[in-house]
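# Observations on chain architecture
Now for the letters of each chain:
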Amino acid sequence: MTTPELGLPMAVPAQGLPAAVRIYEVGARDGLQNEKGTVPTEVKAEFIHRLADAGLTTIEATSFVHPKWVPQLADAEQLFPRVSELPVALPVLVPNERGLDRALALGARQVAVFASATESFAKANLNRTLDESLAMFEPVVNRAKTEGRHVRGYISMSFGDPWEGAVPIPQVVRVCRALLDMGCDELSLGDTIGVATAGHVRALLSALNEAGVPTHTLGVHFHDTYGQALANTLAALQHGITTVDASAGGLGGCPYAKSATGNLATEDLVWMLRGLGIDTGVDLDRLITTSVWMAEQLGRPSPSRTVRALSHKE
Ligand code: HMG
Ligand code: MG
């Protein structure tokens, strides 16, 4: 048990949880892709620099997607060189070979393809059927692996879909297996619209293990639409998950998914993990200063409870 500093939770470790968690920061990509206005490239670059200064070691930087589909990230070519020298992992999204070409031309070391567990979202997000989208990813993963890159595979709508409703677990397992068999190094289970609850998380993780998907290859990506993201994260940690996606200040959503709101806020996650005595390497004060600064750039307050509580301390 560690005595709390002012404004920090008392660290009381709980049994059966990992000693450390890798936070996979998605604010600059998942967060900013959903902004109505376009955030200037220099603001994005400063955001990523500040996130690295706050101790985040994996910061998803941008997407090499079609600029008409996600105009908010159309400056990927201008942004990436401004952050690429940072001593952190900077994964980028690539939907297809054209995206991979663009990312490799700038020296990206880590890429992510993004599949869907449902037909409706594959169509809305990638203009493809589910199987067509997997066929589109196959040469991307092959080439990225041949070139020594690390590849993440996202599976959106892993818990529910705004058009199809509940998503059967075997359907999610099939897409996870396909991505792993293609050669992805890690997977991220996306609760794109935030409908997961803790029992569902446990059931999906167990089903994946039974299908031969090892826990260490899995990360979780919760959106906080219904306030369940932290409860779901705790369930995942209890299952042995050590990679958790989060977005500074709770920025986020998805332009192609109705009712998707912000991701789990990184600050809320860090607060809970500190209370559990789990190491993240993140300096919470610096992170909050960054999110307050970013909220000023965007002209609205952060939805993160932790940011609000600690930025109004004095
Ligand atoms: P399409 O219209 O079917 O593209 O879009 P296409 O393959 O038919 O090509 C049409 C034209 O686009 C061609 O140009 C291509 O060269 C060009 P033309 O020959 O006509 O002049 N093109 C590109 N240009 C630049 N970069 C590229 C690229 N690809 C093709 N990469 C496509 C298909 C996949 C491109 C499109 O649907 C797309 O860009 N989708 C991206 C959607 C997106 O980024 N969504 C958000 C990320 S997913 C997410 O947020 C969920 C997540 O957070 C997890 C969760 O929460 O669940 C990850
Ligand atoms: Mg997302």
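Provided above is the structure to which this section pertains.
Attention in this report is confined to the structure presented alongside it. Fair warning: this is a prediction, and the values are worked out from it, not measured in the lab.

## Topic: the overall build of the protein chain
- Across its full length, the protein chain holds 12 helices and 11 strands.
- By the compact-globule yardstick of 20 Å for 314 residues, the protein chain fits well, its C-alpha radius of gyration being 18 Å.
- The buried share among the 314 residues of the protein chain stands at 56%.
- Of the roughly 12600 Å² of accessible surface on the protein chain, a fraction of 52% belongs to carbon and sulfur atoms.
- Averaged over its 26 positive side-chain charges, the protein chain has a centre that lies 3 Å from the centre of its 34 negative ones.

## Re the pairing of strand β6 (residues 150–156)
- Counting buried residues along β6, 6 of its 7 residues qualify, which places the element largely inside the surrounding structure.
- Strand direction decides the pairing type here: strand β5 (residues 110–116) and β6, joined by 7 bridges, are parallel. Considered in β6, the bridge of Ala112 is made with Arg152.
- Sheet topology places β6 next to strand β9 (residues 186–191); 4 bridges connect them, and they run parallel. For Gly153, the partnering residue across the bridge sits in β9 and is Leu187.

## Digging into the coordination of the magnesium ion (ligand 2)
- The protein atoms that coordinate the magnesium ion (ligand 2) are Asp30 (OD), His221 (NE2) and His223 (NE2), at distances spanning 2.0 to 2.4 Å.
- Along the chain, the residues donating to the magnesium ion (ligand 2) are arranged with the sequence spacing D-x190-H-x1-H. Residue Asp30 is located in helix α1 (residues 27–31), and its partner His221 is located in strand β10 (residues 218–222); the two are separated by 191 residues in the primary sequence.
- Classification of Asp30 as buried rests on a relative accessible area of 3%.

## Quick word on the site of ligand 1
- By nearness alone, 27 residues border ligand 1, and His66, Asn96, Asn125, Ser156 and Thr192 come closest of all.
- Phe64 is positioned such that a nitrogen or oxygen atom in its backbone is 3.0 Å from a nitrogen atom of ligand 1.
- Here ligand 1 loses 75% of its free accessible area of 1100 Å² to cover by the protein chains.
- Breaking the shell around ligand 1 down by element, the ones donating at least two residues are α1, α4 (97–105), α5 (119–126) and β6.
- With 3 residues, the top contributor of residues to the shell around ligand 1 is α4.
- Residues of the shell around ligand 1, tallied by class, amount to 11 nonpolar, 11 polar and 5 charged.

## Considering the packing of aromatic side chains
- Inspection of every chain in the model, using the stated rule, returns 3 aromatic pairs.
- Taking 6.4 Å as the distance between ring centres and 65° as the angle between the ring planes, the aromatic pair formed by Phe64 and Phe80 counts as edge-to-face. Of this pair, Phe64 sits in the loop between β3 (62–63) and α3 (76–83) while Phe80 is found in helix α3, placing the two residues 16 residues apart along the sequence. Residues Phe64 and Phe80 agree in their burial class; the two are buried.
- Seen in terms of ring centroids, Phe159 and Phe222 are 6.1 Å apart; in terms of plane orientation they differ by 45°. Their pairing is tilted. One end of the pair, Phe159, is in the loop between β6 and β7 (160–161); the other, Phe222, is in strand β10, with 63 residues separating them in the sequence. Taken as a pair, Phe159 and Phe222 share a single burial class, namely buried.

## What about the pairing of strand β1 (residues 22–25)?
- Pairing analysis gives 4 bridges linking β1 to strand β11 (residues 243–246), with the strands arranged parallel. Paired with Arg22 across the bridge in β11 is Thr243.
- Where β1 and strand β2 (residues 58–59) come together, 2 bridges link them in parallel fashion. By the bridge assignment, Glu25 is partnered in β2 with Ile59.

## Thoughts on the sheet that holds β3
- Read across the sheet, 9 strands follow the order β2-β1-β11-β10-β9-β6-β5-β4-β3 without closing on themselves; strand pairing throughout is parallel. The sheet is open, and its two borders are formed by β2 and β3, each paired with just one other strand.

## Points about the packing of helix α6 (residues 130–146) against helix α7 (residues 169–182)
- Viewed as axis vectors pointing N to C, α6 and α7 meet at an angle of 25°, and their least axial separation amounts to 9 Å. Between α6 and α7, the interaxial angle falls into the category roughly parallel. Like other packed secondary-structure pairs, α6 and α7 cross with a definite hand, here right-handed. Contacts between α6 and α7 involve Leu130, Asp131, Leu134, Phe137, Glu138, Val141 and Asn142 on the former and, on the latter, Arg174, Val175, Ala178, Leu179 and Met182.
- For the contact of α6 with α7, the residue count by class is 8 nonpolar, 1 polar and 3 charged.

## Some remarks on the state of the cysteines
- Throughout the structure, instances matching the rule amount to 0 disulfides.
- No disulfide involves Cys176; its sulfur sits 9.9 Å from the nearest other cysteine sulfur, which is in Cys184.
- For Cys176, a relative accessible area of 0% puts it in the buried group.
- The class of Cys184 is buried, set by a relative accessible area of 6%.

Cut-offs used in this document
- Residues numbered from 1 in each chain as written.
- Chains lettered and ligands numbered in written order.
- Predicted model: local features only at pLDDT ≥ 70, side-chain atom pairs only at ≥ 80, totals over all residues.
- Heavy atoms only, no water.
- Helix = DSSP H or I, 4+ residues; strand = E, 2+ residues; numbered from the N terminus.
- Rg over C-alpha atoms; globule rule 2.2 N^0.38 Å.
- Buried < 20%, exposed > 50% of the residue type's maximum accessible area, 1.4 Å probe, protein only.
- Areas by Shrake-Rupley, 256 points an atom, 1.4 Å probe, with all protein chains shown as cover.
- Lys, Arg positive; Asp, Glu negative; His and termini not counted.
- Charge placed at Lys NZ, Arg CZ, Asp CG, Glu CD.
- Pairing = 2+ DSSP bridges.
- Donors = N, O, S within 2.8 Å, 3.2 Å for Na, K, Ca; no water.
- Near = heavy atom within 4 Å.
- Polar contact = N/O pair within 3.5 Å; in protein donor to acceptor, adjacent residues only side chain to side chain.
- Nonpolar A, V, L, I, M, F, W, Y, C, P; charged D, E, K, R; others polar.
- Phe/Tyr/Trp six-rings, centres within 6.5 Å; stacked < 30°, edge-to-face > 60°.
- Axes fitted to C-alpha atoms, helices over the stretch in contact; angles between N-to-C directions.
- Parallel < 35°, antiparallel > 145°, perpendicular 65-115°, else oblique.
- Left-handed = near helix turned anticlockwise from the far one by under 90°.
- Contact = heavy atoms within 4.5 Å.
- Disulfide = S-S within 2.5 Å.

Remember, this is a structural readout, not a statement about activity or role.
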